[in-house]
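What the coordinates show
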Amino acid sequence: MDRSYLLTPLVGFAVVAVLAAMLRWTFSRGHSLVARVPRQSTPDDYGLLVAIAEPADRAAGRRLCQVLVADGIRCTLVDTTEGLRLMVWPPDEEAARSALERHRS
């Protein structure tokens, strides 16, 4: 009996299994042993987000975020190279500015 008839498919399956395991390990996310250091950037480097306020400190920024969230506006507080900025999406810019103006009054 010719053993290559049985051995050839087994070797082929083993090679495919090893390649699949290597590809899964290579393209998996979130398993880095080294933590990524957050980097600061300019306010213009946040894609579509628009800066609408420049809070003096983090506590003031969080209070402004709470005002916007209470009005149903998504926002984020970022630490840029030029200081803290409160950012919103362009469709929400006008509503966010008016909400902050109402809050100041």
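Data block above holds the structure.
This text gives an overview of the structure that appears in the document. (Residues numbered from 1 in each chain as written. Predicted model: local features only at pLDDT ≥ 70, side-chain atom pairs only at ≥ 80, totals over all residues. Heavy atoms only, no water.)

This paragraph deals with the sheet that holds strand 3 (residues 83-88). Taken in spatial order, the three strands of this open sheet run 1-3-2, and their pairing is antiparallel. The sheet terminates laterally at strand 1 (50-53) and strand 2 (75-80), the two strands that pair on one side only. Going across the sheet, the axis of each strand differs from the next one's by a mean of 45°, ignoring polarity. One ladder, built from three bridges, connects strand 1 with strand 3; its direction is antiparallel. (Pairing = 2+ DSSP bridges. Helix = DSSP H or I, 4+ residues; strand = E, 2+ residues; numbered from the N terminus. Axes fitted to C-alpha atoms, helices over the stretch in contact; angles between N-to-C directions.)

Inspection of the entire model under this criterion finds zero disulfides. The cysteine C65 is free of any disulfide, with C75 supplying the nearest cysteine sulfur at 3.3 Å. A residue is classified by how much of its surface remains accessible, and C65, at 15% relative accessible area, is buried. The class for C75 is partly exposed, based on a relative accessible area of 23%. (Disulfide = S-S within 2.5 Å. Buried < 20%, exposed > 50% of the residue type's maximum accessible area, 1.4 Å probe, protein only.)

With that settled, the discussion passes to helix 3 (residues 93-104). With 12 residues, helix 3 extends 17 Å between its outermost C-alpha atoms, agreeing within 8% with the 16 Å of an ideal straight helix rising 1.5 Å per residue. For helix 3, the complete set of buried residues consists of A96, A99 and L100. Along the axis of helix 3, the buried residues cluster in a sector spanning 95°; they form a single face. Summarising the geometry of helix 3, the exposed residues directed more than 90 degrees from the buried face are E94 and R102. Buried positions along helix 3 lie against strand 1, helix 2 (58-70) and strand 3. (Expected span 1.5 Å × (residues − 1). Arc of directions from axis to C-beta. Contact = heavy atoms within 4.5 Å.)

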